[in-house]
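Overview (structure and organization)
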Amino acid sequence: QVQLVESGGGLVQPGGSLRLSCAASGNIFSINTMGWFRQAPGKQRELVALIRRTGSTKYADSVKGRFTIPRDNAKNTVFLQMNSLKPEDTAAYFCNADIGSLSGLRIQNSDYWGQGTQVTVSS
């Protein structure tokens, strides 16, 4: 089993910055992708950013140029560096990971979610 633990959410003023972290632990043989989703009240959950095993990244158009998704592979941790925050960035942010775990001599890939961390951007 794998667990994802998120931290770093909070209240920040428009134009400010915040850094979220997501640490994966447990039966981890490989991490295929890790990413961040967010969901605001009354809105559908949307992909914010992801990073693949290769290191390639993808960002939502709304956050390009403002957010980055660095990682620390040795610690099975990804971050979401959020700069120039806007009120419309207010949402619950969820870490997501596609992780391969050892099952006997095979690798089993499964999808995991963190518990969510609240980001509020307000004056």
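Residues numbered from 1 in each chain as written. Predicted model: local features only at pLDDT ≥ 70, side-chain atom pairs only at ≥ 80, totals over all residues. Heavy atoms only, no water.

Overview of the pattern of salt bridges
Note the cut-off: Whenever a carboxyl oxygen of Asp or Glu lies within 4 Å of a side-chain nitrogen of Lys or Arg, that contact is scored as a salt bridge. Relative accessible area decides the class of each residue, using a 1.4 Å probe on protein chains only: under 20% of the type maximum gives buried, over 50% gives exposed, and in between gives partly exposed.
For the coordinates displayed, the defined rule picks out 4 salt bridges. Among the ionic pairs, Glu 46 bridges to Arg 38, the shortest N-O distance being 2.8 Å. Measuring nitrogen to oxygen at the nearest pair gives 3.2 Å for the salt bridge that ties Lys 64 to Asp 61. Each of the two residues, Lys 64 as well as Asp 61, counts as exposed. Overlapping salt bridges, with partners in common, bring together Arg 38, Glu 46, Arg 66 and Asp 89 in one network.

Side note on the packing of aromatic side chains
Going by this rule: Only centres within 6.5 Å qualify two rings of Phe, Tyr or Trp (six-membered ring in Trp) as a pair; their planes then separate them into stacked at under 30 degrees, edge-to-face at over 60, and tilted for everything else. In this text, helices come from DSSP runs of H or I with a minimum length of four residues, and strands from runs of E with a minimum of two, each type numbered from the N-terminal end. When the NZ atom of lysine or the CZ atom of arginine is within 6 Å of a ring's centre and also within 35 degrees of its normal, the charge is said to sit over that ring.
Throughout the structure, instances matching the rule amount to 1 aromatic pair. The interplanar angle of 55 degrees and the centroid separation of 5.0 Å between the aromatic rings of Phe 37 and Trp 113 together place this pair among those described as tilted. With Phe 37 in strand β4 (residues 30-39) and Trp 113 in strand β11 (residues 106-113), this pair connects stretches of sequence that are 76 residues apart. Here Arg 19 stacks its cationic end above the ring of Phe 79, 4.3 Å away from the centre of that ring.

A look at the nonpolar core
Where we set the bar: Residues grouped as a nonpolar core are buried Ala, Val, Leu, Ile, Met, Phe, Trp, Tyr and Cys residues, joined through side-chain atoms within 4.5 Å.
By size, the foremost hydrophobic cluster in this structure holds 30 residues, and its most contacted members are Leu 4, Met 34, Trp 36, Leu 80, Met 82 and Tyr 93. For this core, the elements supplying multiple residues, two or more each, are β1 (2-7), β3 (18-26), β4, β5 (46-52), β9 (77-82), β10 (91-103) and β12 (117-121).

Regarding unusual backbone geometry
Despite not being glycine, Asn 76 has its phi angle at roughly 50 degrees, a positive value. Residue placement: Asn 76 occurs in the loop between β8 (71-72) and β9. Relative accessible area serves as the criterion here: at 24%, Asn 76 is assigned to the partly exposed category. Located in the positive-phi region is Ser 84, a residue other than glycine, with phi close to 50 degrees. Mapped onto the elements, Ser 84 comes out in the loop between β9 and β10.

Comments concerning the environment of Arg 66
Operational definition: We call two residues in contact when some of their heavy atoms are within 4.5 Å. Two N or O atoms form a polar contact when they lie within 3.5 Å of each other; inside protein one atom must be a possible hydrogen donor and the other a possible acceptor, and for residues adjacent in sequence the pair counts only when both atoms belong to side chains.
Within the fold, Arg 66 resides in the loop between β6 (57-59) and β7 (67-68). Each C-alpha atom of the pair Arg 66 and Asn 83 lies 5.1 Å from the other, and the pair is 17 residues apart in sequence. Beyond its immediate stretch of four places on either side in the chain, Arg 66 contacts Gln 81, Met 82, Asn 83, Ser 84, Leu 85, Lys 86 and Asp 89. Polar contacts involving the side chain of Arg 66 include one to the main-chain carbonyl oxygen of Ser 62, which spans 2.8 Å.

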